[in-house]
Amino acid sequence: MVSAIPSWSDSAQYAKLSKRTSPGDVTTAMSSSEPGLHEFAALISPAASNSIEAMAQRAQQITGHHFGKTISLYVPLYISNHCPGGCSYCGFASDRELPRRKLGEQELDAELATLKNAGFEDVLLLTGERTEEADFDYLHAAVSRAAKVFHSITVESFSMTVDEYRNLADVGCTGITLYQETYDPELYRELHRWGPKQDFSSRLEAPARALAAGLRTVGMGVLLGLADPVRDSISLFQHVEGLRRQYWQAGVTISFPRICSQLGGYAPAQEVDDRSLAQLIFAFRICLKDVPLVLSTRERPGFRDGMAGLGITRMSVASRTTVGGYHTKRKEDSGQFKINDERDVEAFCETLRKKGLEPVFKNWDAVFHDAEVLT
Ligand code: SF4
């Protein structure tokens, strides 16, 4: 398997280029018919922050052209919070004191039924790293159960082998989400204090393994606030480009998670403010025109509403970051992190409609794939 891996030292060169960007370079980048890494570096530069209005307009135009006026909705479902990992920024790290649990079969069915009744068709199943309590077989069984109910099942879990990804695909998994967190190998080592996630290379290569195994989508991202957002975004862009070249039929999505308050109290080392995040989203949209861009309930309502349709095309809604809780309506402080948009499905959809956007619960890629399989 050829690997589509970005080099961290390359990102330094492009970051320098980004710093030297002139206003003229920004205009050229924005109107480029085939924008690549050079144009992306220009659009995330300090010079481009003065052109943010123009970038927003261009991003909106491109989004409308490629995605229409739709926002696809998904919901995360934490099935286990057991984890042997020591990620400094995570409320589920093994040194945090919180009740550990995983969903049993009946609880999982109850959660799935509640989400289905709320209208969802697209669910993201989450676990920590592999443990005895929640290992591959447990995840495999959960995917298999969820696939009987939902149209699209993706997982955000530990990195796996090609065979494991293939086994998940066989029972109905459509894709994975796996953020690299940071592409800076030294910082990565520091932040991942112990546990299997310490293996930087294995994580870096996991999206390629998932696509090689036949999964249809990979969700990529960096955790904004850990490292220099310019260098990390350049590496992310390279990673995405490499995967799209290698697996041209694959669907790649990009998320923009910012660090939220969590048990453990990790504070961002490099704040990414709203304006900088908006600039990043616009730059990705302008340069990767047909890639779905995702914004979760980590962000507060005002920012989410502003970004919907202005680059962002996929959003989570009514999320809980605790294990269970959808069917019991139990609210706890022991989630992976604290969400900032607590609106329910109805309220959020209403806001989208007022903006002239149509919430979509079905993953149409999956519909087309099913049609192909049937013919
Ligand atoms: S980020 Fe994932 S692997 Fe790391 S501590 Fe949290 S749940 Fe575990």
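Everything below is about the structure printed above this text.
Since this is a predicted model, take the numbers as computed values, not measurements.

Let us look at the site of the ligand. Taken together, C83, G85, C87, C90, F92, A93, G128, E129 and K197 are the residues near the ligand. Counted by class, the shell around the ligand contains five nonpolar, two polar and two charged residues.

In terms of nonpolar packing, the biggest core is built from 99 residues, with L43, V123 and L125 touching the most fellow members. Looking at this core, the element that brings in the most residues is helix α11 (residues 274–287), giving eight residues.

Most of strand β6 (residues 251–255) is tucked away: five of the five residues are buried. Across four bridges, strand β5 (residues 217–220) lies against β6 in parallel orientation. Considered in β6, the bridge of G219 is made with T253. A crossover connection joins β5 to the parallel β6 through helix α10 (residues 229–246); in handedness this β-α-β unit is right-handed. As for the winding sense of the linkage, the β-α-β connection from β6 through α11 to strand β7 (residues 293–295) is right-handed.

The next thing to look at is the packing of helix α4 (residues 52–67) against α11. Here α4 crosses α11 at 45 degrees, and the two axes come no closer than 9 Å. With respect to each other, α4 and α11 are oriented oblique. Like other packed secondary-structure pairs, α4 and α11 cross with a definite hand, here left-handed. In contact with I52, M55, A56, R58, A59, I62 and T63 of α4, α11 contributes R275, A278, Q279, F282, R285 and I286.

The α-helix advances 3.6 residues per turn, and as a result positions three or four apart in sequence lie on the same side. Its 13 residues place the ends of helix α5 (residues 105–117) 18 Å apart at the C-alpha level, agreeing with the 18 Å of an ideal helix rising 1.5 Å per residue. Of all the positions in α5, only L108, E111, L112 and L115 are classed as buried. Within α5, the buried residues cover an arc of 95 degrees as seen down the axis, which keeps them to one side. Exposed side chains of α5 directed beyond 90 degrees from the buried face belong to Q106 and N117. Buried residues in α5 make contact with β1 (70–78), β2 (122–126) and α6 (136–147). Of the residues flanking the end of α5, it is G119, one or two places downstream, whose phi is positive at about 105 degrees.

Attention shifts here to unusual backbone geometry. For E181, which is not a glycine, the phi torsion comes out positive at approximately 75 degrees. Among the structural elements, E181 can be located in the loop between β4 (173–177) and α8 (185–191). Of the residues examined, E181 has 24 C-beta atoms within 10 Å and is grouped as buried.

The next point concerns the environment of A142. Relative to the helices and strands, A142 is located in helix α6. On a C-alpha basis, the gap between A142 and L108 in space is 7.7 Å, while along the polypeptide they are 34 residues apart. Residues contacting A142, with those up to four places away along its chain left out, are I79, L108 and L125.

Reading the values: rules and limits
Residues numbered from 1 in each chain as written. Predicted model: local features only at pLDDT ≥ 70, side-chain atom pairs only at ≥ 80, totals over all residues. Near = placed C-beta within 6 Å. Nonpolar A, V, L, I, M, F, W, Y, C, P; charged D, E, K, R; others polar. Core = buried A, V, L, I, M, F, W, Y, C linked by C-beta atoms within 7 Å. Buried ≥ 20, exposed ≤ 12 C-beta atoms within 10 Å, placed from the backbone. Helix = DSSP H or I, 4+ residues; strand = E, 2+ residues; numbered from the N terminus. Pairing = 2+ DSSP bridges. Right-handed = clockwise from strand over helix to strand, strands pointing away. Axes fitted to C-alpha atoms, helices over the stretch in contact; angles between N-to-C directions. Parallel < 35°, antiparallel > 145°, perpendicular 65-115°, else oblique. Left-handed = near helix turned anticlockwise from the far one by under 90°. Contact = placed C-beta atoms within 7 Å. Expected span 1.5 Å × (residues − 1). Arc of directions from axis to C-beta.

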